[in-house]
Amino acid sequence: MQGQDFGCYLTPGLETIWGDSLWRRTMDAKRIKHLEFVTQAIDRMSQNSFVARGWCVTIVSALLAIAIERGEVALALLPILATSVFMAVDTFYLRQERRFRALYNEVRCRDEQEIDFSMQTQVTEPIRSTLKSPIIMLLYGGMVVFALAVAAWIAWSDSEFRRLKTEQETHHDPDA
């Protein structure tokens, strides 16, 4: 049976139509169906991760806008908590997605007799390596830095406003 070449080898030492010394596996119906299941799981994890990022940006932006409008430093620090929660959710989905990608690679190289349609994933990496991924570090780290910058700006502008108000009061004070 001829099929697509996915780089998995079956039996060394035999000539194939591809011209190398190994038989390459071909895609059979069971393997294709199992890979479809795994691909659907990968798609769900990716979509959930994307939705979590979107909600995080929306909520953090709203909280920062309210903090700026009210001029309250405490409200500007609240987005850090929201960012942490969404970062944990996104990290979970990203880690699951990576696990399913590893399962995909494992399934595509199995013999047809080994296809059991299991969706059981193995731990492929520690959680800290997922936390160090560029999207997690840049997106959520950037939001935390931005929230801290907004809090610092609110604190500075509040203290500057108070200083100017005090100067005006002492400058216009007839008793002074």
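Our structure's up above, just so we're on the same page.
A brief report on the enclosed structure follows. Treat the numbers as computed from the prediction; the structure is a model and nothing was measured.

A few words now on the overall build of the chain. In terms of helices and strands, the chain carries four helices and two strands. Element order for the chain, N to C, with α for helix and β for strand: β-β-α-α-α-α. Split into buried and exposed, the 176 residues of the chain put 29% on the buried side. Expressed as a percentage of contacts within the chain between residues at least 6 apart in sequence, the contacts between residues at least 24 apart total 64%. As displayed, the chain has an accessible area near 11400 Å², and 61% of this comes from carbon and sulfur atoms.

Once that is clear, we can look at a nonpolar patch on the surface. The grouping of Leu-78, Leu-81, Val-85 and Val-89 at the surface amounts to a nonpolar patch, some 320 Å² of accessible area in total. As for its position among the elements, Val-85 is in helix 2 (residues 73-108). A residue is classified by how much of its surface remains accessible, and Val-85, at 48% relative accessible area, is partly exposed.

Ranked by size, the top nonpolar core spans 16 residues in total, and within it Cys-56, Leu-64, Ala-76 and Tyr-140 carry the most contacts. Mapped onto this core, the elements with two or more residues apiece are helix 1 (29-70), helix 2 and helix 4 (134-171). Here the element with the most residues in this core is helix 4; it accounts for seven residues. The contacts of Ala-76, once residues within four sequence positions are left out, are Leu-64, Ala-67, Ala-147, Val-150, Ala-151 and Ile-154. Ala-41, Phe-100, Leu-103 and Val-107 belong to the second largest nonpolar core, which has nine residues in total.

Further remarks concern the environment of Asp-116. Inspection of the secondary structure puts Asp-116 in the loop between helix 2 and helix 3 (127-131). When the C-alpha atoms of Asp-116 and His-34 are compared, they prove to be 8.2 Å apart, with 82 residues separating the residues in sequence. Apart from residues no more than four positions distant in its own chain, Asp-116 is found in contact with His-34 and Arg-110.

Tallied over the entire structure, the rule returns one aromatic pair. Relative to Tyr-93, the ring of Phe-92 lies with its centre 5.3 Å away and its plane at 65°, an arrangement referred to as edge-to-face.

Bringing the pattern of salt bridges into the picture now. Within the structure shown, the criterion is met by three salt bridges. Glu-36 is the partner of Lys-33 in a salt bridge, and the nearest nitrogen-oxygen pair spans 3.2 Å. Separated by three residues within a single helix, Lys-33 and Glu-36 lie in helix 1, roughly one turn from each other. Among the salt bridges present, the one from Arg-53 reaches Asp-90, with a minimum N-O distance of 2.7 Å. Residue Arg-53 is found in helix 1, and its partner Asp-90 is found in helix 2; the two are separated by 37 residues along the sequence. The buried category is assigned to Arg-53, whose relative accessible area is 19%.

This next bit is on the packing of helix 1 against helix 2. The N-to-C vectors of helix 1 and helix 2 enclose an angle of 170°; their axes lie 9 Å apart at closest approach. When the interaxial angle is binned, helix 1 and helix 2 end up roughly antiparallel. The residue makeup of the contact of helix 1 with helix 2, split by class, is 26 nonpolar, seven polar and seven charged.

Here we come to helix 1. The end-to-end C-alpha distance of helix 1, which contains 42 residues, comes to 61 Å, matching closely the 62 Å that a straight helix rising 1.5 Å per residue would cover. Looking one or two residues beyond helix 1, the residue adopting positive phi is Gly-71, at roughly 70°.

Calculation notes
The written sequence of each chain sets the order in which its residues are numbered from 1. The model is predicted, so local features are restricted to residues of pLDDT at least 70 and side-chain atom pairs to those at 80 or more, both for listing and for counting; the totals for chains, interfaces and linings are taken over all residues. Only heavy atoms go into the side-chain values, all of them from the structure, while hydrogens and water stay out. Numbering of helices and strands runs from the N terminus, with a helix taken as a DSSP run of H or I at least four residues long and a strand as a DSSP run of E at least two residues long. Relative accessibility under 20% of the residue-type maximum defines a buried residue, over 50% an exposed one, and the middle range a partly exposed one, all with a 1.4 Å probe and only protein chains included. Contacts were defined at the residue level, with two residues in contact if any of their heavy atoms lie within 4.5 Å. Computed with the Shrake-Rupley method and a 1.4 Å probe, the accessible areas treat only the protein chains shown as cover for residues. Patches were defined on residues exceeding 30% relative accessible area and lacking a salt bridge, with like-charge contacts within 9 Å and nonpolar side-chain contacts (Val, Leu, Ile, Met, Phe, Trp, Tyr) within 5 Å. Just to be clear on terms, a salt bridge is a Lys or Arg side-chain nitrogen sitting within 4 Å of an Asp or Glu carboxyl oxygen. What makes a nonpolar core is a set of buried Ala, Val, Leu, Ile, Met, Phe, Trp, Tyr and Cys residues whose side-chain atoms join them at distances within 4.5 Å. Any two rings among Phe, Tyr and Trp, with Trp reduced to its six-membered ring, count as a pair given centres within 6.5 Å; such a pair is stacked if its planes are under 30 degrees apart, edge-to-face if over 60, and tilted if neither. In this analysis, axes come from line fits to C-alpha atoms, helices being fitted only over the stretch in contact, and the angle between any two N-to-C directions falls in the range 0 to 180 degrees. Note on terminology: angles under 35 degrees are roughly parallel, angles over 145 are roughly antiparallel, angles of 65 to 115 are roughly perpendicular, and the others are oblique. Residue polarity follows a fixed list, in which Ala, Val, Leu, Ile, Met, Phe, Trp, Tyr, Cys and Pro are nonpolar, Asp, Glu, Lys and Arg are charged, and the others, Gly among them, are polar. To estimate how far a helix should reach, multiply one less than its number of residues by 1.5 Å.

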